[in-house]
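Fold and contact review
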Amino acid sequence: MRIILFFDLPTTTYNERKIYQNFRKKLIQDGFIMMQESVYCKLALNNSVVKSEMMRLEKYKPLKGLVAVLIVTEKQFSQIKYLTGEKKFNVEDSESRLIIL
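Residues numbered from 1 in each chain as written. Predicted model: local features only at pLDDT ≥ 70, side-chain atom pairs only at ≥ 80, totals over all residues. Heavy atoms only, no water.

Overview of the overall build of the protein
- Helix and strand counts for the protein stand at three helices and four strands.
- In the protein, the succession of α and β elements from N to C terminus is β-α-β-β-α-β-α.
- In the protein, which comprises 101 residues, the share counted as buried stands at 28%.
- Put simply, 68% of the contacts in the protein that link residues at least 6 apart link residues at least 24 apart.
- Summing over all exposed atoms, the protein offers an accessible surface of approximately 7400 Å²; the carbon and sulfur share of this is 56%. (Helix = DSSP H or I, 4+ residues; strand = E, 2+ residues; numbered from the N terminus. Buried < 20%, exposed > 50% of the residue type's maximum accessible area, 1.4 Å probe, protein only. Contact = heavy atoms within 4.5 Å. Areas by Shrake-Rupley, 256 points an atom, 1.4 Å probe, with all protein chains shown as cover.)

Set out below in structure tokens:
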């Protein structure tokens, strides 16, 4: 399974930029990988991992802005079609359960 997180946070003031940077830093520390700007994903082996990750996100979510989470299977994730731009190769999109980086 993949956890795909989308966010749009305000960054007009210094404090809002600080909150944005801290949120992004915590996502990266938790193992999220940037797919594109403000879209991050993380591999989750089962529903219990998804639930624990959701609880962790609830703890450090920002108070302002929009944060959305979408859970998809590996098969669904591997079906992403890129219409423009180039595929990022630092995001693994294989259906295989074992990924060697």
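Let's pick the thread back up.
Points about a nonpolar patch on the surface
- A contiguous nonpolar patch, built from Val 67, Val 69 and Ile 71 and spanning about 180 Å² of accessible area, is present on the exposed surface.
- On the basis of relative accessibility, which here comes to 34%, the residue Val 67 falls in the partly exposed class. (Patch = residues over 30% accessible without salt bridge, like charges linked within 9 Å, V, L, I, M, F, W, Y side chains within 5 Å. Salt bridge = Lys/Arg side-chain N within 4 Å of Asp/Glu carboxyl O.)

A look at the pattern of salt bridges
- Applying the stated criterion across every chain, the model contains four salt bridges.
- For the salt bridge of Glu 53 with Arg 56, the shortest nitrogen-to-oxygen distance reads 2.9 Å. Remark: Arg 56 and Glu 53 occur in helix H2 (residues 47-60); sequence separation between them is three residues, near one turn of the helix.
- For Glu 53, a relative accessible area of 2% translates into the label buried.
- Judged by its relative accessible area of 35%, Arg 56 is partly exposed.
- A salt bridge links Lys 61 to Glu 58; its shortest N-O distance comes to 2.9 Å.

Here's the deal with the nonpolar core
- Core analysis: the largest hydrophobic core is formed by 12 residues, namely Ile 3, Leu 5, Phe 7, Leu 9, Phe 23, Leu 27, Phe 32, Tyr 40, Ala 44, Val 50, Leu 57 and Tyr 60.
- Contributions of two or more residues to this core are made by strand S1 (2-8), helix H1 (14-29) and H2.
- The contact partners of Leu 57, leaving out residues within four places of it in the chain, are Leu 5, Leu 27, Phe 32 and Val 69.
- Of all hydrophobic cores here, the second largest spans six residues; its members include Met 35, Cys 41, Val 72 and Phe 77. (Core = buried A, V, L, I, M, F, W, Y, C linked by side-chain atoms within 4.5 Å.)

Focus on the sheet that holds strand S3 (residues 39-43)
- Read from one edge of the open sheet, four strands run S2-S3-S1-S4, paired in antiparallel fashion. Edge strands, defined here as strands with exactly one partner in the open sheet, are strand S2 (33-36) and strand S4 (66-72). Across the sheet, the axes of successive neighbouring strands diverge by a mean angle of 30°, strand direction being ignored.
- The pairing of S1 with S3 spans five bridges and is classified as antiparallel. What sits directly across from Arg 2, in S3, is Leu 43. (Pairing = 2+ DSSP bridges. Axes fitted to C-alpha atoms, helices over the stretch in contact; angles between N-to-C directions.)

Here we look at the packing of aromatic side chains
- Applying the stated rule across the entire model yields four aromatic pairs.
- Centroid distance Phe 7 to Phe 23: 5.3 Å. Interplanar angle 85°. Geometry classified as edge-to-face. Separated by 16 residues along the polypeptide, Phe 7 in strand S1 and Phe 23 in helix H1 bring together distant segments of the chain.
- For Phe 7, a relative accessible area of 5% gives the class buried. (Phe/Tyr/Trp six-rings, centres within 6.5 Å; stacked < 30°, edge-to-face > 60°.)

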